[in-house]
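Structure assessment
Below are the chains, spelled out letter by letter.
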Amino acid sequence: MSNRGEQKLLKQSTVLMFAVAIAGIVTGFISGSQSIMFDGFFSLIATFIKVLMLITATLIAKESNQRFQFGFWHLEPMVLLIEGSFLFLIAIYAFLNGVFGIINGGRDIELGLVIVYAAVFTVIEFAYYFWVRRKNRKLKSTLIQFDNISWLVDAMLSVGLLISFVIALVLKQQGHVQWAAYVDPAILILLALSMLPPAFKILKPALRDVLGIAPDKLDDKVREVLEELSARHGFEGYKTYVQKHGRARFIEIHIVLPAGYPLTSVKTLDAIREELSSMLGAPDSARWLTISFTGDRKWIS
């Protein structure tokens with residue numbers, strides 16, 4: 001994965017999202033639409049999150065130092081956790097705001113302006129989302145993948161706004177002005193509910209990484225490889241530990257050799273290491289693999 005390409009996309013995404021945020025806040029203020037205003041503030045929060053992601057991507061590209069000897073991989077799930085938490089909190093706020101808006105009799109807004117806004121940004125945001133997704137097929141960046149969720153959410157918000165405001169316009173033209181006033185707070189509630197699944201999609205893996213929960217797939221793969229190698233080389237036992245921080249995978253393996261194991265030189269152990277490494281997949285800069293050998297089980301407990 002090219003970290004330079006990742007940083008370039010994140011910078012571009014940050015600038016564009018900030019422009020979307022300003023446009024949403026200004027349009028919402030002029031039209032009196034709280035749902036448009038909410039869309040703008042969502043984009044503004046997304047911009048700050050993107051700045052954090054950009055800083056994280058820059059740090060990950062740096063080599064480890066004396067203070068951070070395992071690098072800066074741990075920052076990635078922390079940033080994603082912040083993003084997911086913000087999405088969740090803003091969704092709850094929008095839901096409550098929409099409910100109180102309906103209780104208070106709805107809101108009268110300038111429909112012509114907000115329809116134009118929603119139509120324009122629906123096209124822009126969907127186009128950018130699919131373009132970034134295509135670019136990330138080559139980059140394979142977790143940060144870009146989750147960052148792009150904010151564009152999909154924003155595009156979905158714009159679609160919802162467009163459909164709802166068109167419905168409100170039709171209601172006004174048909175003489176149902178009192179019902180048209182409830183469209184804006186009703187949209188706010190629906191938008192809030194639609195944001196919850198993306199928020200949980202980000203929160204779940206990020207929370208697992210931050211809490212240090214072993215990734216099941218990686219754990220199963222390592223154990224499967226060790227079982228096969230044990231049968232082939234006659235190991236007396238083994239102990240494995242796996243951990244994941246963002247895209248970084250930490251794998252620690254301790255192998256117990258039986259007494260009298262035919263060990264002619266260190267090259268014999270290195271050959272086993274090489275075999276084990278290749279069975280786990282192609283090595284990359286995000287994989288930390290430690291393999292040790294012992295003849296005493298106490299060193300693996």
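How each quantity is defined
Residues numbered from 1 in each chain as written. Predicted model: local features only at pLDDT ≥ 70, side-chain atom pairs only at ≥ 80, totals over all residues. Heavy atoms only, no water. UniProt positions renumbered as here; feature names shortened; annotations may be inferred. Helix = DSSP H or I, 4+ residues; strand = E, 2+ residues; numbered from the N terminus. Rg over C-alpha atoms; globule rule 2.2 N^0.38 Å. Areas by Shrake-Rupley, 256 points an atom, 1.4 Å probe, with all protein chains shown as cover. Lys, Arg positive; Asp, Glu negative; His and termini not counted. Charge placed at Lys NZ, Arg CZ, Asp CG, Glu CD. Salt bridge = Lys/Arg side-chain N within 4 Å of Asp/Glu carboxyl O. Buried < 20%, exposed > 50% of the residue type's maximum accessible area, 1.4 Å probe, protein only. Expected span 1.5 Å × (residues − 1). Pairing = 2+ DSSP bridges. Right-handed = clockwise from strand over helix to strand, strands pointing away.

With an unreviewed UniProt entry as reference, the protein chain is termed Cation diffusion facilitator family transporter, source organism Pseudomonas taetrolens. What the UniProt record of the protein chain gives under Subcellular location (unreviewed entry) is the line "Membrane". Quoted verbatim from the Sequence similarities (unreviewed entry) field of UniProt, the annotation for the protein chain is "Belongs to the cation diffusion facilitator (CDF) transporter (TC 2.A.4) family. FieF subfamily."

The next thing to look at is the overall build of the protein chain. In terms of helices and strands, the protein chain carries nine helices and three strands. Relative to its length of 301 residues, the protein chain is extended, with a C-alpha radius of gyration of 26 Å against a globular reference of 19 Å. By principal-axis analysis of the C-alpha atoms, the protein chain measures approximately 95 × 35 × 30 Å. With the model as given, the accessible surface of the protein chain reaches about 15,800 Å², and the carbon-plus-sulfur share is 65%. Computed over 30 positive and 25 negative side-chain charges, the inter-centroid distance for the protein chain is 4 Å.

Applying the stated criterion across every chain yields a total of six salt bridges. Between arginine 232 and glutamate 228 there is a salt bridge; the shortest N-O distance is 2.7 Å. Taken together, the positions of arginine 232 and glutamate 228, both in helix H8 (residues 216-233) and four residues apart, correspond to about one turn of that helix. On the basis of relative accessible area, arginine 232 is assigned to the partly exposed category, the value being 45%. Across the pair arginine 232 and glutamate 275 runs a salt bridge whose closest N-O atoms are separated by 2.0 Å. With arginine 232 in helix H8 and glutamate 275 in helix H9 (residues 266-279), this pair connects stretches of sequence that are 43 residues apart. Sharing partners across several salt bridges, the network here consists of Glu228, Arg232 and Glu275.

Okay, H9 next. Relative to the 20 Å expected for 14 residues at 1.5 Å per residue, H9 spans 20 Å between its end C-alpha atoms, a close match to the ideal helical length. Every buried residue belonging to H9 is among Leu269, Ile272, Glu275, Leu276, Ser277 and Met279, and all of these are buried. Positive phi appears at glycine 281, one or two residues downstream of H9, with a value of about 115°.

Where strand S2 (residues 248-256) and strand S3 (residues 287-294) come together, eight bridges link them in parallel fashion. Paired with isoleucine 251 across the two strands is leucine 289, which belongs to S3. After leaving S2, the chain enters H9 and then returns to the sheet as S3, a path that is right-handed.

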